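Chain residues, written in single-letter form:
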Amino acid sequence: MADQDAQSPVGIDPPALPVLRWAEPPEGPALVLLDQTRLPAEEAELVCSDVPALVRAIRTLAVRGAPLLGIAGAYGVALAAARGEDVASAAEVLERARPTAVNLGYGVRRAERAYREAVGKGADPERAAAVALAEARALHREDAEASGHMARHGLALLDELLPGGEGHRLLTHCNTGALVSGGEGTAFAVVLAAHRGRRLRQLWVDETRPLLQGARLTAYEAARNGMPYSLLTDNAAGSLFAAGEVDAVLIGADRIAADGAVANKVGSYPLAVLAKYHHVPFIVVAPTTTVDLDTGDGASIIVEQRPGAEVTELTSPRAGVAGEDAVGLPVAPVGTAAYNPAFDVTPPELITAIVTEEGAVSPVTGVGLAELCARSSQVTIS
């Protein structure tokens, strides 16, 4: 089989960034990633020729973002199958790589289930591996399609909530664009739709400490798309709200509980509190694959704790992000303990709407979320 760019499934226009692709060089199949730890200084690819390499890429954030993690997990199962490895063990290791992002487990289980069903029907290892790969590509294609639908639904909601004016002034946190998706992203895809429709007045980009996904990645994508944008430190957001410079907040999600509580990059919850106080819409944009109906409420979401060195040191993007090979500049005394949750949880009463490819839920309730998910083939109601 010839090399195929997995970032461009059949029937989907390729996004600007080659974020993830399946390759089959002579030495064997591999998953090739755009190494996000090296952005924006360098656009470099990382070749993962086996599952342990992919797990390291996931843990060091070389590949990140809930939807893309689901896609990567599915391709990881296909990679294990194609290389003749123990698929069940590989799936288990992949699913544990990051505990909060529900899409990772979803993608892994979906590809593994396709593989097991093929084996159960008598497929030989090569054929079963091909089935797993086809399932990964199908998930990739569906996520790209979902991205487009979310952009349209999200822009329609913004226009409804913010009629008139000289364009929308939007604030976003972390990175939610093509770097996290099979398409153009989640929340960033909505911003991009507003920009293309000449309805974006200003994009405010939270730098997103401690790993600066906003500064390194969202600003990178905004610049590539010619958007009017400005970067701010996370602790400057309050003064921006107070000055009346924010019309709406748009964020993504790594897991949405059954009651509508949302786990997203740490710093999202304070923005929701600020938005509520200042009567500014706070909108979450995520595919239905991010909804976890088996997690009852926000308190039940497992929040990943990251290494303290990410807080006590400044790490050059060229050296990786607090990974095994990272070399950081100390900014705190040696031995300083650090509190470093990767995510926080925003309760549904602080969220104006959750936008998915199936439409928007507003007000955010468990019943409304379940009804929306029931319309999606991506979510199984248990």
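Residues numbered from 1 in each chain as written. Predicted model: local features only at pLDDT ≥ 70, side-chain atom pairs only at ≥ 80, totals over all residues. Heavy atoms only, no water.

(A) Representation of the environment of Ala248. The topology assignment puts Ala248 in strand 7 (residues 248-251). Once the C-alpha coordinates of Ala248 and Leu171 are considered, the two residues, 77 residues apart in sequence, prove to be 6.4 Å apart. Once you skip the residues sitting within four places of it in the chain, Ala248 turns out to touch Leu158, Leu162, Arg169, Leu170, Leu171, Val280 and Pro281. (Helix = DSSP H or I, 4+ residues; strand = E, 2+ residues; numbered from the N terminus. Contact = heavy atoms within 4.5 Å.)

(B) Structural view of the sheet that holds strand 10 (residues 282-285). Strand order in the open sheet formed by 7 strands is 6-5-4-7-10-15-16, with mixed pairing between adjacent strands. Edge positions in the sheet fall to strand 6 (229-232) and strand 16 (359-361), since each has one partner strand and no second. The mean inter-strand angle of the sheet, taken between neighbouring strand axes irrespective of direction, is 25°. Here strand 4 (residues 168-172) pairs with strand 7 via 3 bridges, running parallel. (Pairing = 2+ DSSP bridges. Axes fitted to C-alpha atoms, helices over the stretch in contact; angles between N-to-C directions.)

(C) View of a nonpolar patch on the surface. A cluster of nonpolar side chains, Leu314, Leu329 and Val331, forms an exposed patch at the surface whose accessible area comes to about 290 Å². The topology assignment puts Leu314 in strand 12 (residues 313-315). Taking relative accessible area as the criterion, Leu314 reaches 48% and is therefore assigned partly exposed. (Patch = residues over 30% accessible without salt bridge, like charges linked within 9 Å, V, L, I, M, F, W, Y side chains within 5 Å. Areas by Shrake-Rupley, 256 points an atom, 1.4 Å probe, with all protein chains shown as cover. Salt bridge = Lys/Arg side-chain N within 4 Å of Asp/Glu carboxyl O. Buried < 20%, exposed > 50% of the residue type's maximum accessible area, 1.4 Å probe, protein only.)

(D) Region of the structure containing the packing of helix 4 (residues 102-120) against helix 5 (residues 125-161). Their axes nearest at 8 Å, the elements helix 4 and helix 5 cross at an angle of 145°. Note that helix 4 runs across helix 5; the crossing there is right-handed. Where helix 4 approaches helix 5, its residues Tyr106, Gly107, Arg110, Ala111, Ala114, Tyr115, Ala118 and Val119 are matched on the opposing element by Ala128, Ala129, Val131, Ala132, Glu135, Ala138, Leu139 and Glu142. Residue composition of the contact of helix 4 with helix 5, grouped by class: 12 nonpolar, 1 polar and 3 charged. (Left-handed = near helix turned anticlockwise from the far one by under 90°. Nonpolar A, V, L, I, M, F, W, Y, C, P; charged D, E, K, R; others polar.)

(E) Representation of the pairing of strand 4. Within strand 4, 5 of the 5 residues are buried, which leaves it mostly tucked inside the rest of the structure. The two faces of strand 4 match: His168, Leu170 and Thr172 on one face and Arg169 and Leu171 on the other face are all buried. Of the pairings in the sheet, the one linking strand 4 to strand 5 (residues 200-206) comprises 5 bridges and is parallel in character. Counterpart to Leu170 in the pairing with strand 5 is Leu203. In this fold, strand 4 hands off to helix 6 (residues 187-196), which returns the chain to strand 5; that crossover is right-handed. (Right-handed = clockwise from strand over helix to strand, strands pointing away.)

In short, the description is geometric, and any link to function would need to be established separately.
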